[in-house]
Amino acid sequence: MLNAAVLLCAGQSSRMRGAVSDKVLAPLAGRPALEYSLRAFLAAGVVEHYLFVTRDADQQTAIAAIAASLSIPAASTFFVFGGAERQDSVYNGLHDLSLLVDFVFIHDCARPLITPGNLRTLLEAVQRDDAAVLAHRVTDTIKQAALRKRPGLRRLRLRDLRRETLWAMETPQVFSRELILEAYRKLRIDNLRVTDDAAAIAALGYPVTLVENPHPNPKLTHPEDFAWVELLLQRQNSPGPS
């Protein structure tokens, strides 16, 4: 069995408001944010190929140096440039994978808190079911606002959504290579836009297994997220209960 990780690094960090130019390379508790994801994959031993979807050649050079510092063999490290949107970047990565790959982990590298345990559980799930997604239960009360033509948030008609049926999607999301590639090809044919890989599978009409994550796994999106994730890393690495 040969498995691969498609590691998404091509985001423009636009919501960082100029505080960080490249959030996957930005320092996080003394290490590049990307390094935490790579260490988790290495410790889990669930993939043999690492395919990085990147913004430009300079980013590729920096990522290659990080991979080499962690002793990831150059023969196992691959690069492809991203596209205009996330799903274009994912498609570029999937299209470039070896036909020998059985299962593929798709991971946003701006989520540095994944654990080896997460990855091993996902692999077990995808080997059974062909599609598995890391997720957590929604605990807030969620309202859906009706769409309307005029802007603003005044005097909206709100609809309650049943909290017990709601899950927040995370990454990694892991699939059989043939299934996820078929799903992304269908998106391109039907001109559909999605924001995660599970939605691509849903558009194909195929079921997805949820793997509940009991640990925080936030995404680095805004400048203030760095301090929050650093605190979570300290708790994750400290002995005993947090």
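To keep things clear, this report deals only with the structure shown in the data block.

Structural notes on the nonpolar core
For step 1, the next point in the chain: Within the largest apolar cluster, 31 residues are counted, with the highest numbers of intra-cluster contacts made by Leu-34, Leu-38, Phe-41 and Phe-105.
For step 2, the next point in the chain: Elements that contribute at least two residues to this core include exactly strand E1 (3–8), helix H1 (33–44), strand E4 (49–54), helix H2 (57–69), strand E6 (103–108), helix H4 (116–129) and strand E7 (131–137).
For step 3, the next point in the chain: When near neighbours in sequence (up to four residues on either side) are disregarded, Phe-41 contacts Ala-5, Leu-7, Val-46, Val-47, Tyr-50, Phe-105, His-107, Ile-114, Leu-119 and Pro-172.
For step 4, the next point in the chain: Judged by nonpolar contacts, the second largest core, of 28 residues, contains Ala-4, Val-80, Tyr-91 and Ile-201.

Thoughts on the sheet that holds E1
For step 1, the next point in the chain: Pairing within the open sheet is mixed, and its 7 strands lie in the order E5-E4-E1-E6-E10-E7-E11. The open sheet terminates on both sides in strands that have one partner only, identified here as strand E5 (77–81) and strand E11 (209–212). Pairs of neighbouring strands in the sheet enclose a mean axial angle of 25 degrees, with direction left out of account.
For step 2, the next point in the chain: The strands that H1 touches are E1, E4, E6 and strand E10 (167–176); relative to E4, the one it contacts most, it runs at about 160 degrees.

A few points about the packing of helix H3 (residues 86–95) against helix H5 (residues 177–190)
For step 1, the next point in the chain: Remark: H3 packs on H5, axes separated minimally by 10 Å, with the N-to-C direction vectors making an angle of 135 degrees. Our classification of the angle between H3 and H5 gives oblique. Read as a crossing pair, H3 and H5 show a hand that is left-handed. In this structure, H3 contributes Arg-86, Gln-87, Asp-88, Val-90, Tyr-91, Leu-94 and His-95 to the contact, and H5 contributes Ile-180, Leu-181, Tyr-184, Arg-185, Leu-187 and Arg-188.
For step 2, the next point in the chain: Along the lines of polarity and charge, the residues of the contact of H3 with H5 split into 7 nonpolar, 2 polar and 4 charged.

Digging into unusual backbone geometry
For step 1, the next point in the chain: Thr-171 connects to Pro-172 through a cis peptide bond whose omega is 10 degrees.
For step 2, the next point in the chain: Tracing the sequence through the fold places Pro-172 in strand E10.
For step 3, the next point in the chain: Even without being a glycine, Arg-155 presents a positive backbone phi close to 55 degrees.
For step 4, the next point in the chain: Residue placement: Arg-155 occurs in the loop between strand E8 (143–145) and strand E9 (158–160).
For step 5, the next point in the chain: According to the relative accessible area criterion, Arg-155 is exposed, its value standing at 76%.
For step 6, the next point in the chain: You will see that Asn-191, though not glycine, has its phi angle at about 55 degrees, which is positive.

Examining the state of the cysteines
For step 1, the next point in the chain: If you walk through the whole model with that rule in mind, you get 0 disulfides.
For step 2, the next point in the chain: In this structure Cys-9 is a free cysteine whose sulfur lies 3.9 Å from that of Cys-109, the closest cysteine sulfur available.
For step 3, the next point in the chain: By relative accessible area, which is 2% here, Cys-9 ends up buried.
For step 4, the next point in the chain: For Cys-109, a relative accessible area of 0% puts it in the buried group.

Structural notes on the layout of surface pockets
For step 1, the next point in the chain: Here the largest pocket defines a volume of roughly 640 Å³.
For step 2, the next point in the chain: If you go around the largest pocket, you meet 31 residues; those closest to its centre are Gly-11, Lys-23, Arg-86, Asp-108 and Lys-219.
For step 3, the next point in the chain: Taken together, the elements giving at least two residues each to the lining of the largest pocket come down to H3 and E10.
For step 4, the next point in the chain: Here the lining of the largest pocket takes 4 residues from E10, the largest share from any one element.
For step 5, the next point in the chain: Counted by class, the lining of the largest pocket contains 10 nonpolar, 10 polar and 11 charged residues.

What counts and what doesn't
- Sequence order as written defines residue numbering, which begins from 1 separately in each chain.
- In keeping with the model being predicted, local features are shown solely for residues with a pLDDT of at least 70 and side-chain atom pairs are shown and tallied solely at 80 or more, while totals for entire chains, interfaces and linings include all residues.
- Excluding hydrogens and water, the side-chain figures rest on all heavy atoms present in the structure.
- Note on terminology: a nonpolar core comprises buried Ala, Val, Leu, Ile, Met, Phe, Trp, Tyr and Cys residues joined through side-chain atoms within 4.5 Å.
- When a residue's accessible area, from a 1.4 Å probe over protein chains only, is under 20% of the maximum for its type it is buried; when over 50% it is exposed; and in between it is partly exposed.
- Helix numbers and strand numbers start at the N terminus; a helix is a DSSP run of H or I with at least 4 residues, a strand a run of E with at least 2.
- Pairs of residues are marked as contacts when any of their non-hydrogen atoms sit within 4.5 Å.
- By this definition, two strands are paired if DSSP reports at least two bridges between them.
- Where helices are involved, their axes are fitted lines through C-alpha atoms of the stretch in contact, as for all axes, and angles between N-to-C directions lie from 0 to 180°.
- Here the angle decides the label: under 35 degrees means roughly parallel, over 145 means roughly antiparallel, 65 to 115 means roughly perpendicular, and every other value means oblique.
- Helix crossings are classified by the rotation of the near helix relative to the far one: an anticlockwise turn of less than a right angle makes the crossing left-handed, while a clockwise turn makes it right-handed.
- Following the grouping adopted for this structure description, the nonpolar residues are Ala, Val, Leu, Ile, Met, Phe, Trp, Tyr, Cys and Pro, the charged ones are Asp, Glu, Lys and Arg, and the polar ones are all others, Gly among them.
- A pair of cysteine sulfur atoms is labelled a disulfide when the two atoms are within 2.5 Å.
- Within this scheme a cavity is a closed region of a 1 Å grid, computed over the protein atoms alone, that accommodates a 1.4 Å probe without allowing it to escape, whereas a pocket is open but has protein on both sides within 12 Å along at least five of seven lines; lining residues each have an atom within 4 Å of a point.
- Grid points are joined across faces, edges and corners, and a volume is the space filled by probe spheres set on the points.

Function cannot be inferred from these measures alone, as they are strictly geometric.
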